[in-house]
Each structure stands twice: as C-alpha cells, then as structure tokens.
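Overview (structure and organization)
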Amino acid sequence: MNEQTPTVVLVHGAFADSSSWNGVVERLQSHDYSVVAAANPLRGLTSDAEYVRQLVASIEGPVVLVGHSYGGAVISNAADGLDNVKALVFVAAFMPEKGESALDIAGMFPGSTLGEALRPVPITLPDDSQTVDLYIDKSRFPHQFAADLPQETAAIMAATQRPVTNAALAEPAFAAAWKEIPSWVLVATEDLNIPPQTQTFMAERADATSVSVAASHAVSVSRPVDVARLINEAAQAIT
C-alpha cells in the first residue's frame, strides 16, 4: 500500500460495539490498511455524527467511512462537508434522506421484527431529562440479530450489546452525504432488523454500487470476508 491508501473508519450500529468489526479489521489489516473502529455513542443522531466527524477530521489523508445498521445514518451525516471522506460503505445499514429518521425508513417496507424484540429501559440523563434506552431482549437476540452465528457467539453478543436511545432512532437526518460521495452497499438478505427490500431501495435511491450477501443483520461478524472485500473494492476505486 502506498501513502495514499485510505484509512478505513468503521462505525458500529445499535445493539453492537466496536468488537463486531474484529473479523473485518483483521482482514483489512492483513492488506496493510490503517483501520479505526469508532465507539459510536448511540445517544442521538446529531451528537453521534459530530463525534464521528471530529474523529474522521483528525485523520490525515483519505478516508473510507463505513457504517453498519444505525451507523449508516451516522456516517451519512458525519461525512457531510468532510473533504477527506472519499467513499462511504453501508453494511446492512440505514441511508437516510435529509429529514428521514431510522424509524421512518424501518417502516417503509414489511419484514422487520425488531420492534417486538425490543426491551425498553427508562433512564435519566445527566441534565435530568428522561429518555429510553432500547435493548434487544437477550432471549430473542440470537434469532433477531445473529441467526447465522453459533448460539454461543450470539449469546455473548446479546450480553455485551450497547443500547441505543429511542430518540437517536427517531431523530431526522440533517444531511445525506451519499448524494455527493461515492457509495457502496452490502445488502444482508436474511436481515430481520432492516428488511432486504428496504436496503435495496436505499441502495438504488443512492445509485450506489451494491452487493447482496446471504446473512443476518450481524453480517460483519458472520461474513467478515465479504464485508472486507467490499470495503477494499471501495478503497481501490478511489486510489
């Protein structure tokens, strides 16, 4: 890899953490990519996007920005106006139009069973305001999120899942960077969180390069080779 090889920044979504990218990171690093797996706060779309934006802005040279699930909405907002972001990769992810929320998109087409699997937990924020943290019920997590993974692996992911606030999923996007930045999409055809029809609709709307993989929503864990391959394709296209 030469000095112009982009840094790959990976942004996880709801009900996951940065370790969900471990298999992808291993494969990218084996090809000499510099990789950063960001810790997405999952507190609010605007604040989450600003957090990722500042991280990406601190990186010298070109960046391929990758988002999974709700992380797709985050990267599409974070990349707006960032000159060093040269490609966006959406992995079983939301690609909202300006003014759309993740919840808006989730209801576009039938097929998601996420709502009935959620366990809401009311919380009080440091400013004494009230919100709700959303978890996937542990007993339902393996089937809902990670049906193509061993039960033992899915159970660990269920125990370590990071909650997202309901407000984050309901907050409208303030930008749609996929309109200006070349984009690649991986559609997970067995996804029960974001229906494949929805993922395909967003990819076509964005005129993105798209591939389909027979995988659950946890595709970055179950099919890291396919995810890394698509990221590498995006990186090669911009160098």
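Residues numbered from 1 in each chain as written. Predicted model: local features only at pLDDT ≥ 70, side-chain atom pairs only at ≥ 80, totals over all residues. Heavy atoms only, no water.

With that out of the way, let us pick up the overall build of the chain. Within the chain, the secondary structure is distributed over 11 helices and 9 strands. Here the C-alpha atoms of the chain give a radius of gyration of 16 Å, agreeing with the 18 Å that 2.2 N^0.38 yields for 239 residues. Expressed as lengths along the three principal axes of its C-alpha atoms, the size of the chain is roughly 50 × 40 × 30 Å. Taken over 239 residues, the chain has a buried fraction of 52%. Partitioning the contacts of the chain with sequence separation of at least 6, the portion at a separation of at least 24 is 73%. Element-wise, carbon and sulfur atoms account for 51% of the exposed surface of the chain, whose accessible area totals about 10,100 Å². Charged side chains of the chain number 13 positive and 27 negative; the gap between the two group centres comes to 2 Å. (Helix = DSSP H or I, 4+ residues; strand = E, 2+ residues; numbered from the N terminus. Rg over C-alpha atoms; globule rule 2.2 N^0.38 Å. Buried < 20%, exposed > 50% of the residue type's maximum accessible area, 1.4 Å probe, protein only. Contact = heavy atoms within 4.5 Å. Areas by Shrake-Rupley, 256 points an atom, 1.4 Å probe, with all protein chains shown as cover. Lys, Arg positive; Asp, Glu negative; His and termini not counted. Charge placed at Lys NZ, Arg CZ, Asp CG, Glu CD.)

Turning our eyes to something else, we now look at the sheet that holds strand E7 (residues 164-165). Reading across the sheet, the 3 strands line up as E5-E6-E7 and stay open at both edges, with antiparallel pairing between neighbours. Each end of this open sheet is capped by a strand with a single partner; those strands are strand E5 (118-124) and E7. Sheet topology places strand E6 (residues 130-136) next to E7; 2 bridges connect them, and they run antiparallel. From the neighbouring strand, Leu-134 faces E7, where its bridge partner is Val-164. (Pairing = 2+ DSSP bridges.)

Within this structure, the stated rule accounts for 2 aromatic pairs. One Lys or Arg, Arg-119, reaches over the ring of Tyr-135 and ends 5.2 Å from the middle of that ring. (Phe/Tyr/Trp six-rings, centres within 6.5 Å; stacked < 30°, edge-to-face > 60°. Lys NZ or Arg CZ within 6 Å of the ring centre and 35° of its normal.)

What follows deals with the confidence of the model for the chain. Per-chain confidence: the chain averages 96 in pLDDT, with 99% of residues scoring 70 or above. In the model of the chain, helix H4 (residues 102-106) stands out as the element of lowest mean pLDDT, 95, in contrast to strand E1 (residues 7-11), which has the highest, 99. (pLDDT = per-residue confidence, 0-100.)

Looking at helix H7 (residues 151-160), one finds that the buried residues are Ala-154, Met-157 and Ala-158. The buried residues of H7 all sit within an arc of 105 degrees when viewed along its axis, so they share a single face. Turned more than 90 degrees from where H7 packs its buried face, Glu-152, Ile-156 and Ala-159 sit exposed. The elements touched by buried residues of H7 are helix H6 (141-145) and helix H10 (219-222). (Arc of directions from axis to C-beta.)

Looking now at the sheet that holds E1. In space, the 6 strands of this open sheet follow the order E2-E1-E3-E4-E8-E9, with parallel pairing throughout. Taken across any chain shown, the strands that pair with only one partner, and hence form the sheet edges, are strand E2 (35-38) and strand E9 (209-213). Adjacent strand axes in the sheet meet at a mean angle of 15 degrees when their direction is disregarded. Where strand E8 (residues 183-188) lies against E9, 5 bridges are found, and the strand directions are parallel. (Axes fitted to C-alpha atoms, helices over the stretch in contact; angles between N-to-C directions.)

On to the side chain of Glu-100, then. Summarising the element assignment, Glu-100 is placed in the loop between strand E4 (85-93) and H4. Here Glu-97 takes part through its backbone nitrogen, which lies 2.9 Å from a polar atom of the side chain of Glu-100. Residues in contact with Glu-100, not counting those within four places in the same chain, are Ile-105, Met-108, Glu-171, Pro-172, Ala-173 and Arg-205. (Polar contact = N/O pair within 3.5 Å; in protein donor to acceptor, adjacent residues only side chain to side chain.)

What follows deals with the packing of helix H1 (residues 22-30) against helix H11 (residues 224-237). Two numbers describe how H1 lies on H11: the axes approach to 8 Å, and their chain directions differ by 50 degrees. The pairing of H1 with H11 is recorded here as oblique in orientation. You can see that H1 and H11 cross each other, and the crossing is right-handed. Contacts from Gly-23, Val-24, Arg-27 and Leu-28 in H1 reach Pro-224, Val-225, Val-227, Ala-228 and Ile-231 in H11. For the contact of H1 with H11, a count of residues per class yields 7 nonpolar, 1 polar and 1 charged. (Parallel < 35°, antiparallel > 145°, perpendicular 65-115°, else oblique. Left-handed = near helix turned anticlockwise from the far one by under 90°. Nonpolar A, V, L, I, M, F, W, Y, C, P; charged D, E, K, R; others polar.)

The next subject is the pairing of E4. In terms of burial, E4 is a largely internal element, 8 of the 9 residues being buried. Alignment of strand E3 (residues 63-69) against E4, held across 7 bridges, turns out to be parallel. By the bridge assignment, Val-64 is partnered in E4 with Ala-87. The β-α-β motif built from E3, the intervening helix H3 (residues 70-78) and the parallel element E4 has right-handed crossover chirality. (Right-handed = clockwise from strand over helix to strand, strands pointing away.)

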